[in-house]
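Coordinates in review
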Amino acid sequence: MTIPNSDGFFSVASCLPCTPEEEKETIKKLLRTSEASIKEGDLNYLVSQRWWMEWQQYVGLDHSDVNSSQSVISIPFRPGEIDNSCLVLNEASTQSNELDLKEGLQEGQDYILVPQEVWKKLLEWYHGGPELPRKVISEGYTNKKFNVEVYPLCLQVVDGRDMSERTIKISRQASVLELYTMICMVFQLEHEKVCIWDYFNNCKNQPLTKFSQTLEEAQLYMNHKVLLEIQDDNSHCSSGTLSSTGNELALVPLEPSRSSITIAGGPTISNSYSTGFCSNLLHGSNYNTSLHDSEDNDDASNSGSKVDGQGLTGLHNLGNTCFMNSALQCLVHTPPLVNYFLQDYSEEINKENPLGMQGELAIVFGELLRKLWSAGRTSLAPRAFKAKLARFAPQFSGYNQHDSQELLAFLLDGLHEDLNRVRSKPYIEAKDADGRPDVEFAEECWKNHKSRNDSIIVDVCQGQYKSTLVCPVCSKVSVMFDPFMYLSLPLPSTVSRTMTVTVFSGDGSSLPMPFTVTVPKNGCCRDLIQALGTASCLKQSETLLLAEIYGHRIFRYFDKLSEPLSNIKDEDHIVAYTVPIHHGQLQKLEILHTREEGFLSEPQYNAHVKVFGTPLVTFFSLNSKTGLDIHSAVCSLLAPLLRANMMPSSTGVKTGKENECGPSLDAIVLSDNGIHCSKENLLNSQMELEDTSNCFPALQLALEDGKVIVPTTVDVVQNTCSGSSLKIMMGWSDKLHGIYDFHFLENLPEVFKSGFMLKKTRQEAVTLYSCLEAFLKEEPLGPDDMWYCPKCKEHRQATKKLDLWKLPDILVVHLKRFSYSRFMKNKLDTFVNFPVHNLDLTKYVQQKIGIPQSFIYELYAVSNHYGGLGGGHYSAYAKLIEEDSWYHFDDSHVSSVKEEEIKTSAAYVLFYQRVRCDSSTSGKKIN
């Protein structure tokens, strides 16, 4: 049995376990509980993104945040069984009965992860499958983080007896001892006779004998090869043996330990070489490292493309690590950093900084940079660096693709803290400007910052901007000067938003008309109403009532002016009704459209009737509720739709009086293209065409409580809720279609149609300057970034204005191509025209007095992202400045490239260096 609800939809009452609202609340509660008690070893399950989105729409769950109280409008169609078949390969794993996932699946794009209790509940309601459980693992050294290991580690085990290969799957957080146990079980061998070697790049590198290490700490990565050797009674691993107890302490060292580590640039490094940029390179340095790294075994025989020259070494992809390789190539080609790390920086390593990584990140980065700039290499595997990264930044562990800009931000900040010259940071109380000049206050803020943060990264990469906040209520102005490490510039399309809304007259004075307006992306409904009011020449006595149309019905009204525009999706159909300003004191009338025979055959089930077109809305006095009043209001709204051959023969005179309650009820004023006629004239004209009873639309009135009344022209409508809306179902006959042109009420445009704007987007030039101007433009804070006003003592959606104050020597510019939410990701492939030479920021910098520096920059590196979110790839362009030549770094492949080829729509992070301002070195960069 189906029962209609107040919105005209109907749900199955007895055969479903829960209503959509109950399902939504149950899942939200389970998600909150699971997230609050997550622990290592918990199970999460993969769910097809396609099915999950259908379920979200069914229950009305806001997919941007499951903890949000906001909801989206649900659809009346319940999704079918859970179908995860699109995520798996056809054949099960040979190691177990588990299904293998397709390669390259992305969370938020192909699947979402739900806790076990959520999966059980969804399976109870919907059935389906297959089940795809994955364990929660704990990663990180200083900052523990829980991750779901979607793709386990795949290792290629090479059997030393016949050199055959076999694939095993194991968690990257499993220990070396667990790897031994699994291999012994798979190959049916005894522990005491097994020795496993790191066989990266088909080289017998080092035996795996630190049994307490995780496989990630042992630098084993996706599709890594390990060599299985079977020892007889007289043989053993070259660096130890595994006792029958499996205890690591039972290892017997068979080699003397290596000499103690010397830090890059330490005593074993000759400091006699020149300090020039390209000459500060390693030439056969023989320093040691405590980190085993098979990078040293890489040579010209590897798979990298051979390019002669120093600084042209590629990086192996260790399993979706192209994001890391791209970021690293940009950093290791930053001239001041190259000079710094090729010299002795050991005295600046800060091992006591609680915000740092005990200097280990700086050491491993410096070692990697030296290897990349040493002679005789074509490519190397950054295994030691990846292991440290996973230890200190678990968000980048595993084998999923990550964001190169996020990694760059982590590296710059981490290197700064590991190299911070300030050993004990003083406490400094934040102060307000108190009316002081900007120059004085900005200098004080910078000195305070430098007293706590002083490193090579601050020296060359950090600038300062001015931030001004204004309270929209009390006009309180707050000015702060904050440091920045990079500029994240929005693309113009991410700052503003183009929206198309169809405006309907609430008094029948004009035809429906779509208007396309531009509003702030972080704006609210007030901004949209103001823009539409200007575009549609709204009267001072009118306002607009926004509504969403779905299934030819009004799903919801946007009653709150402060409601974020982010709640309106591009695919929605939004209309705006012109209504009196004081419409809250009036009676609202909604007119829906259906075929005349549709509801007359079963009038008691109004919600079942198939509707079409767009509902109409008007308001009138609470005291005017007769059937004749309603007929008159409907005729008034339909007047603009009268076909030309049905217009009244007489010009008509405006005889009715207008009141403050919307359309006149004494004599409804009808107009179309300047022609006015009274209600009596219209009726007379229609009577000449045919009988009046046939001209009046057949109406059926449905009150909010679901009661259906078919009023006559004299009956009084009994409305039990004063001030609530009346809903009318209007039956359209073939005769009425001949009188009125109904196509004006059909085919509502979507809020934004990407294809519609595609041509315009291609024609309009998006430059780096326009991105910068969008970044510096005054705009309201987003609804999630409310500012606490010290004067109002309340959180306010303040307006924010940024200005550049102090620029660094190395300027990193991040183009915000990606947008993320919990279950959704999006990428913009807009081409941004950025200058390679002479990026002039002079007019954007506020502080120029007494600054002997130029604001002209030259490009020297680019981090690129190609493709979509699911199968994207990163690479880098970098310039050897002294050679004045550009190269493309695509993982292990390095090739020369022409300068004009580096400007593409894949550009993601841009690296600029300041040009000297003195005339003697004009056009040169600061080294």
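Scroll up for the structure.
Computed from a predicted model, the values in this text were never measured in an experiment.

All told, the structure shown has 22 aromatic pairs when counted by the stated rule. Here the aromatic residues Y340, F341, Y345 and F365 are joined through ring pairs into a cluster of three or more. Above the ring of F187, the side-chain terminus of R166 is found at 5.8 Å from the ring centroid. When the ring centre of F200 is taken as reference, the NZ or CZ atom of R383 above it lies at 4.9 Å.

It is worth spelling out the packing of helix α7 (residues 360–372) against helix α8 (residues 383–392) at this point. Contact geometry of α7 with α8 gives a least axis separation of 10 Å together with a crossing angle of 160°. As far as their axial angle goes, α8 and α7 are roughly antiparallel. For the pair α7 and α8, the sense of crossing is left-handed. For the pair formed by α7 and α8, the contact residues are E360, L361, V364, F365 and L368 on the first element and A384, F385, K388, R391 and F392 on the second. Looking at the contact of α7 with α8 residue by residue, the classes come out as seven nonpolar, no polar and three charged.

Time to look at α7. When the terminal C-alpha atoms of α7 are compared, their 18 Å separation across 13 residues agrees well with the 18 Å that a helix rising 1.5 Å per residue should span. Of all 13 residues that make up α7, twelve are buried, and the element is covered over most of its length. Of the residues making up α7, those classed as buried are L361, A362, I363, V364, F365, G366, E367, L368, L369, R370, K371 and L372. Each element contacted by the buried residues of α7 is listed here: β16 (314–315), α5 (322–332), α6 (335–341), β17 (379–380), α8 and α9 (404–418).

The element strand β25 (residues 573–580) is largely enclosed, with a buried count of seven among its eight residues. The sheet contact formed by strand β21 (residues 496–504) and β25 spans three bridges and is parallel. Bridging from a neighbouring strand, T502 pairs with V575 of β25. With eight bridges joining them, strand β23 (residues 542–550) and β25 adopt antiparallel strand pairing. Each residue of the ladder has a partner; that of T543, found in β25, is V579.

On to the sheet that holds strand β11 (residues 153–159). With respect to topology, five strands assemble into an open sheet ordered β12-β11-β15-β13-β14, the strand pairing being mixed. The open sheet is flanked by β12 (164–170) and β14 (206–207), the only strands paired with a single partner. Relative to strand β15 (residues 224–230), strand β13 (residues 194–198) runs antiparallel, the two being bridged by five bridges. Residue pairing across strands places W197 opposite L227, the latter belonging to β15. Across the face of the sheet, helix α4 (residues 176–187) comes into contact with β11, β12, β13 and β15 while running at roughly 130° to β12.

Conventions and cut-offs
Residues numbered from 1 in each chain as written. Predicted model: local features only at pLDDT ≥ 70, side-chain atom pairs only at ≥ 80, totals over all residues. Heavy atoms only, no water. Phe/Tyr/Trp six-rings, centres within 6.5 Å; stacked < 30°, edge-to-face > 60°. Lys NZ or Arg CZ within 6 Å of the ring centre and 35° of its normal. Axes fitted to C-alpha atoms, helices over the stretch in contact; angles between N-to-C directions. Helix = DSSP H or I, 4+ residues; strand = E, 2+ residues; numbered from the N terminus. Parallel < 35°, antiparallel > 145°, perpendicular 65-115°, else oblique. Left-handed = near helix turned anticlockwise from the far one by under 90°. Contact = heavy atoms within 4.5 Å. Nonpolar A, V, L, I, M, F, W, Y, C, P; charged D, E, K, R; others polar. Expected span 1.5 Å × (residues − 1). Buried < 20%, exposed > 50% of the residue type's maximum accessible area, 1.4 Å probe, protein only. Pairing = 2+ DSSP bridges.

These results come straight from atomic positions and should not be treated as a statement about function.
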